Amino acid sequence: MDAVLVINADLGPLHRVTVQHAVRMLCRRVAEIHEAEPDQVIGVFPMPRVVRLVRYVVTRWRFGAGPAWSRAGVLRRDNRCCAYCGGPASTIDHILPRSRGGRNTWRNTTAACYACNQRKGDRTPAEAAMPLRREPVNPGWSALAAR
């Protein structure tokens, strides 16, 4: 068992943590064991499978506007797949180049391989005759977490 599910005080799932982190939460008394592995112990605690927080944690941020833009997030959203040729991507490309006023936003950036990024250069996909295989979208929290 390498991950322990952390649930809120109202029994809603929050995230997963390592067993060591879960035991530290139990020692600090911020969580209680909700479900444990039978016949396995770590010190004085049964081996946790699910821990429940003692106090409710407000999670409004999870349902808000979505995650902030990041290079790693763009690569994760696009599964590290180039938007122009479909090969493995290692860079991000601005659809409207930054030199023309393009911003670092979810809808203006896409994953690209180095060769396609260099070939496109300081042009839009239409000017470079390089159509996008998929339109970039604003990902939600669950979409990035699933990847």
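Whatever comes next refers back to the structure up there.
Residues numbered from 1 in each chain as written. Predicted model: local features only at pLDDT ≥ 70, side-chain atom pairs only at ≥ 80, totals over all residues. Heavy atoms only, no water.

Our next topic: the overall build of the chain. Within the chain, the regular secondary structure consists of four helices and six strands. Listed N to C, the secondary structure of the chain is β-β-α-β-β-α-β-β-α-α in terms of helices and strands. Relative to the globule expectation of 15 Å for 147 residues, the C-alpha radius of gyration of the chain, 22 Å, shows a markedly less compact shape. Structurally, the chain occupies a C-alpha span of about 65 × 30 × 20 Å along its principal axes. When burial is assessed residue by residue, the chain has 37% of its 147 residues classed as buried. Looking at the chain alone, contacts between residues at least 24 apart form 52% of all its contacts between residues at least 6 apart. A total accessible area of about 9,200 Å² is found for the chain, and carbon and sulfur atoms account for 54% of it. On the chain, the mean spot of the 23 positive side-chain charges and the mean spot of the 11 negative ones are 7 Å from each other. (Helix = DSSP H or I, 4+ residues; strand = E, 2+ residues; numbered from the N terminus. Rg over C-alpha atoms; globule rule 2.2 N^0.38 Å. Buried < 20%, exposed > 50% of the residue type's maximum accessible area, 1.4 Å probe, protein only. Contact = heavy atoms within 4.5 Å. Areas by Shrake-Rupley, 256 points an atom, 1.4 Å probe, with all protein chains shown as cover. Lys, Arg positive; Asp, Glu negative; His and termini not counted. Charge placed at Lys NZ, Arg CZ, Asp CG, Glu CD.)

Our next topic: the pairing of strand β1 (residues 4-7). Looking at chain direction, β1 and strand β2 (residues 13-17) are connected through four bridges and run antiparallel. Bridge pairing links L5 to R16 in β2. Two successive antiparallel strands, β1 and β2, enclose a turn made up of five residues, where L11 displays a positive phi of approximately 70 degrees. As judged from the three bridges shared by β1 and strand β4 (residues 45-53), these two strands associate in the parallel manner. Note on β4: the bridge partner recorded for L5 is V50. (Pairing = 2+ DSSP bridges.)

The residue N117 is located in helix α3 (residues 114-120) in this model. With sequence-adjacent residues up to four places away left out, N117 is seen in contact with T91, I92, D93 and A112.

Where charged atoms from two side chains of opposite charge come close, those side chains can pair. Counted according to the given criterion, the structure contains six salt bridges. Here R52 makes a salt bridge to E32, at a shortest N to O gap of 2.5 Å. Here R52, found in strand β4, pairs with E32, found in strand β3 (residues 31-42); they are 20 residues apart in sequence, far enough to count as distant. Accessibility expressed as a relative area gives 23% for R52, which makes it partly exposed. We classify E32 as partly exposed; its relative accessible area is 36%. As a salt-bridge pair, D78 and R77 come within 2.9 Å of each other at their nearest N and O atoms. Both residues of the pair, D78 and R77, count as buried. (Salt bridge = Lys/Arg side-chain N within 4 Å of Asp/Glu carboxyl O.)

Further remarks concern the sheet that holds β1. Spatially, the four strands line up as an open sheet ordered β2-β1-β4-β3, and their pairing is mixed. Two strands bound the open sheet, and with one partner strand each, they are β2 and β3. This sheet shows a mean twist of 30 degrees between the axes of neighbouring strands, independent of strand direction. Each of β1, β2, β3 and β4 touches helix α1 (residues 19-27); the most contacted strand, β4, lies at about 75 degrees to it. (Axes fitted to C-alpha atoms, helices over the stretch in contact; angles between N-to-C directions.)

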